[in-house]
Amino acid sequence: MDFLRDADIDPAPLAGKRVAILGYGNQGRAQALNLKDSGIDVVVGLRGASGSTIEAEAAGLTTALVEDAVGPADVVMMLAPDEIHGALYREIEPHLRRGAALGFSHGLSVRFGFVEPRADLDVFLVAPKGPGTALRSLYQEGKGMIALWAVHQDSTGGASGIALAYASAIGSGRAGLIASSFAEEAEADLFNEQAVVWGGVPELLIAGFETLVAGGVSAEVAYLECVGELHLIAELIEARGIAGMGEAISNTAELGALIGGKRIVDAGVRERMAAVLEEVRAGRFAEELRAEEASGYKRLEHARKEARGTLLDETFRRLSEDK
Ligand SMILES: NC(=O)c1ccc[n+]([C@@H]2O[C@H](COP(=O)([O-])OP(=O)(O)OC[C@H]3O[C@@H](n4cnc5c(N)ncnc54)[C@H](OP(=O)(O)O)[C@@H]3O)[C@@H](O)[C@H]2O)c1
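Nothing here was measured: the structure is a model prediction, and the numbers come from that model. (Residues numbered from 1 in each chain as written. Predicted model: local features only at pLDDT ≥ 70, side-chain atom pairs only at ≥ 80, totals over all residues. Heavy atoms only, no water.)

Q: Help me understand the sheet that holds strand 5 (residues 75-78) in this model?
A: Within a beta sheet, neighbouring strands are joined by backbone hydrogen bonds and run either parallel or antiparallel to one another. Taken together, 9 strands build an open sheet; the order of strands is 1-9-8-7-6-5-2-3-4 and the sheet is mixed. Two strands lie at the open edges of the sheet, namely strand 1 (3-4) and strand 4 (62-65), each paired on one side alone. Strand contacts of helix 7 (residues 159-169): strand 1, strand 2 (18-22), strand 5, strand 6 (101-104), strand 7 (122-128), strand 8 (147-153) and strand 9 (177-179), with the helix running at about 25° to strand 7, the strand carrying the most contacts. Sitting on the sheet, helix 8 (residues 182-195) touches strand 6, strand 7, strand 8 and strand 9, and the angle it makes with strand 7 is about 35°. (Pairing = 2+ DSSP bridges. Helix = DSSP H or I, 4+ residues; strand = E, 2+ residues; numbered from the N terminus. Contact = heavy atoms within 4.5 Å. Axes fitted to C-alpha atoms, helices over the stretch in contact; angles between N-to-C directions.)

This is how it looks when you write it as structure tokens:
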């Protein structure tokens, strides 16, 4: 495995270059501020009447309308939501300089054809493995967030150099850069979102909570057992790995986990995980994401409303108020 750190990276490919960050949300804010603090010439490209303009300028950043930011830029980073990358790319393509570099923090929109970059562009991926808030706070602490990097198109011969210098300037070279591809990063990320950390784990917590409540346990106790302990295992795994976590807990918990874990996550779960991976690779999720955006995010809005009305959420709010 290629695992690069700042000492392996030449910052020269970004020296004197202008970087346009499109979007000032979760990743856009963090990446723009980290680049600025690393001495890079950065401009944040925003839509007209964007509420983010005042915020970005208050943070000391230069802002411009999207097309004005893109025109003079050597590097353009697509940090708006993935599902609008296609429309955003069509809007900026006429303004992109020949031989400019187009960067992404997620491989989805290129892997699944939302964006088909012009042949003269360098196209790279720098995907920090975590939210922008942490990318920024780690940078400010003198640390960094691990990132995947890849090149989709190397038109000038300099795409790898730009990608690595960019990753270093947002602080990820302090933690480590892992070589990947747009396809690998996009598929693994979408798989995890659906089957493991963001999809599987919350559903497991909900199912556990509802099982205890149906079995006569109070909502408060069920919540503390099934949801409230999640951060403890996350911290232990982060610090010691999964084997070390097992050794750190009581014999009672360790034996219970040994007997119960594999009974719950059985061969059927693995089969369904394999099906999720296959569907992701076939582009089924990418189609759903497109349709969701086209519908005005109806399904997401409905799900958000429904989740707010559950006993589990009500219990969370009650316990949070008491803290
Ligand atoms: N969120 C994460 O933790 C994370 C982690 C790793 C990688 N990524 C990747 O980073 C990229 C950005 O994700 P994000 O979560 O940071 O997005 P986000 O927070 O949802 O992005 C919001 C920003 O995008 C702007 N925007 C929306 N539509 C636009 C348009 N049509 N034209 C121009 N700007 C537009 C918004 O403008 P206004 O200010 O005008 O509303 C806002 O500044 C994605 O590719 C994502 O997969 C995200």
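That was the structure; now back to the text.
Q: Explain the site of the ligand to me, please; I cannot follow it from the model alone.
A: Near the ligand, the surroundings consist of 20 residues, among which Tyr24, Gln27, Ser50, Ser52 and Asp82 are the closest. Tyrosine 24 is positioned with one of its backbone polar atoms (N or O) 2.7 Å from an oxygen atom of the ligand. Glutamine 27 is positioned with one of its backbone polar atoms (N or O) 2.7 Å from an oxygen atom of the ligand. Across the complex, the protein chains shield 75% of the 900 Å² of accessible surface that the ligand would expose by itself. Within the residue set of the shell around the ligand, elements represented by two or more residues are helix 1 (26-37) and helix 4 (85-92). Taken together, the residues of the shell around the ligand break down into 8 nonpolar, 10 polar and 2 charged. (Near = heavy atom within 4 Å. Polar contact = N/O pair within 3.5 Å; in protein donor to acceptor, adjacent residues only side chain to side chain. Areas by Shrake-Rupley, 256 points an atom, 1.4 Å probe, with all protein chains shown as cover. Nonpolar A, V, L, I, M, F, W, Y, C, P; charged D, E, K, R; others polar.)

Q: Just checking my understanding: could you explain helix 14 (residues 284-294) for this structure?
A: Within helix 14 the residues assigned to the buried category are Ala286, Leu289 and Glu292. Burial along helix 14 is one-sided: seen end-on, the buried residues are contained in an arc of 120°. Backbone geometry just after helix 14 places glycine 296 at a positive phi near 80°. (Buried < 20%, exposed > 50% of the residue type's maximum accessible area, 1.4 Å probe, protein only. Arc of directions from axis to C-beta.)

Q: Hey, could you run me through the pattern of salt bridges in this one?
A: When the charged atoms of two side chains with opposite charge come close together, those side chains can pair. Scanning the model with the defined rule gives 20 salt bridges in all. Ionic pairing is found between arginine 136 and aspartate 37, a salt bridge with its closest N-O pair at 2.9 Å. Taken together, the residues arginine 136 in helix 6 (residues 132-140) and aspartate 37 in helix 1 connect sequence positions 99 residues apart. Given the relative accessible area of 9%, arginine 136 is considered buried. Aspartate 313 serves as the salt-bridge partner of arginine 317, at 3.0 Å between the closest nitrogen and oxygen. Linking arginine 317 with aspartate 313, this pair stays in helix 16 (residues 311-322), spanning 4 residues, or about one helical turn. A relative accessible area of 35% places arginine 317 in the partly exposed class. (Salt bridge = Lys/Arg side-chain N within 4 Å of Asp/Glu carboxyl O.)

Q: Sorry if this is basic, but what is going on with the packing of helix 8 against helix 13 (residues 267-281) here?
A: Angle between the axes and distance between the axes are the two parameters that describe a pair of packed helices. Close contact between helix 8 and helix 13 brings their axes to 9 Å; oriented N to C, the two are set at 135°. Compared by their axis directions, helix 8 and helix 13 come out oblique. The handedness of the crossing between helix 8 and helix 13 is right-handed. Listed contacts from helix 13 to Glu187, Leu190, Phe191, Gln194 and Ala195 of helix 8 are Met273, Val276, Leu277, Val280 and Arg281. Within the contact of helix 8 with helix 13, the residues separate by chemical class into 7 nonpolar, 1 polar and 2 charged. (Parallel < 35°, antiparallel > 145°, perpendicular 65-115°, else oblique. Left-handed = near helix turned anticlockwise from the far one by under 90°.)

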